[in-house]
Amino acid sequence: MTGTPNSRRIDVITVFPEMVEQVARFGVVGRAAERGLIELSAWNPRDYAEDRHATVDDRPYGGGPGMVMKVAPLHRAIQAARAADPRPARVIHLSPQGARLDQDRVARLAACERVIYLCGRYEGIDERLLEAEVDEELSIGDYVLSGGELAAMVAIDAATRLVPGALGHEDSAAEDSFATGLLDHPHYTRPEVYERRGVPEVLRSGDHGAVDTWRLKQALGRTWLRRPDLLAGRELDERQRRLLDEFIAEHRA
Ligand SMILES: COc1ccccc1CNc1ccc(C(N)=O)cn1
């Protein structure tokens, strides 16, 4: 299936295609797929195995527990995915050995016209396939999953939110907490009081300037409290500095 020229094409190499296809059935990613902003296809290396048992793994050279994914079925699946669209693709291997996925790397993925996500299972993938085909290794965190599929789905979700048009006007990715480099401010909606807990007055004042100031102060304060590391590498302007100092003074009061 050749892609429509300006849509982002996402291919996933996985032995569990049905698992990965779920990410394009719901919510923001589901709507983006429906509207042709992204196209998602999964490719199963079992379909490209050499033998009638559709073997995709084998025992590790050097011994040890578990199995290793074979080169040939993965290589053929990647070639089939590449051939499905004339545009060049960036091949990303999800692995605990990868660079940590953060919003900057997500933004780079979102800018790619084509990405092929390679999902390992078992103990991992034969190094020769990685050397020959992989452009970048990414990790969603310092923990081991039973496969790269969930990591690929995380990357697909985070990147799709940044595709122009994917989010309605009601929630712009530009104000996302990590887009501003700060944590998010608190959110409230009706009822005004729930089990004796109210809503901060300023949010019902109708004074949008005051609301924006309150939200910035809360974002700065919460970042200071929960993720001071995010503030370490960041210059605050005079207004931000003053708001954070106010928050800290109130926090210590
Ligand atoms: C033993 O599993 C592997 C070993 C090597 C490569 C891939 C896998 C598949 N598992 C993964 C994949 C990604 C992440 C992550 N942190 O992004 C965690 N686990």
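The name given to the protein chain in UniProt is tRNA (guanine-N(1)-)-methyltransferase, and the organism recorded there is Halorhodospira halophila. Recorded under Subunit, the UniProt text for the protein chain is reproduced unchanged: "Homodimer." Under the UniProt heading Sequence similarities, the note attached to the protein chain is "Belongs to the RNA methyltransferase TrmD family."

Chemist: Can you walk me through the sheet that holds strand S6 (residues 114–119) in this structure?
Modeler: Strands in a sheet are paired, the pairing made by backbone hydrogen bonds, and the direction either parallel or antiparallel. Pairing in this open sheet of 5 strands is parallel, and the strands run S2-S1-S6-S5-S7 from one edge to the other. Two strands close off the open sheet at either side, each with one partner strand: strand S2 (38–43) and strand S7 (136–139). On average, each strand axis in the sheet is tilted by 30° relative to the strand beside it, whichever way the strands run. Sheet analysis places strand S5 (residues 90–100) next to S6, joined by 5 bridges and oriented parallel. Within S6, the position partnered with Val91 by the bridge is Ile116. The sheet strands contacting helix H6 (residues 149–160) are strand S1 (8–13), S2, S5 and S6, and the helix crosses S6 at an angle near 160°.

Chemist: When you look at the site of the ligand in this model, what are you seeing that I'm missing?
Modeler: Residues in contact with the ligand amount to 17 residues; listed here are only the nearest, Ser139, Ile140, Gly141, Tyr143 and Leu145. Tyr143 is positioned such that a nitrogen or oxygen atom in its backbone is 3.1 Å from a nitrogen atom of the ligand. Contacts to the ligand include Leu145, whose backbone N or O atom sits 2.8 Å from a nitrogen atom. Look at the ligand: alone it shows 440 Å² of surface, and the protein chains cover 92% of it. Counting atoms within 2 Å of the grid points, the majority share of the ligand lands in the second largest pocket. Considering every element that reaches the shell around the ligand, the biggest residue donor is S5, with 4 residues. Considered class by class, the residues forming the shell around the ligand number 8 nonpolar, 8 polar and 1 charged.

What counts, and where the lines are drawn
Residues numbered from 1 in each chain as written. Predicted model: local features only at pLDDT ≥ 70, side-chain atom pairs only at ≥ 80, totals over all residues. Heavy atoms only, no water. UniProt positions renumbered as here; feature names shortened; annotations may be inferred. Pairing = 2+ DSSP bridges. Helix = DSSP H or I, 4+ residues; strand = E, 2+ residues; numbered from the N terminus. Axes fitted to C-alpha atoms, helices over the stretch in contact; angles between N-to-C directions. Contact = heavy atoms within 4.5 Å. Near = heavy atom within 4 Å. Polar contact = N/O pair within 3.5 Å; in protein donor to acceptor, adjacent residues only side chain to side chain. Areas by Shrake-Rupley, 256 points an atom, 1.4 Å probe, with all protein chains shown as cover. 1 Å grid on protein atoms, 1.4 Å probe; cavity = no way out; pocket = protein on both sides within 12 Å on 5 of 7 lines; lining within 4 Å. Sits in = over half its atoms within 2 Å of the grid points. Nonpolar A, V, L, I, M, F, W, Y, C, P; charged D, E, K, R; others polar.

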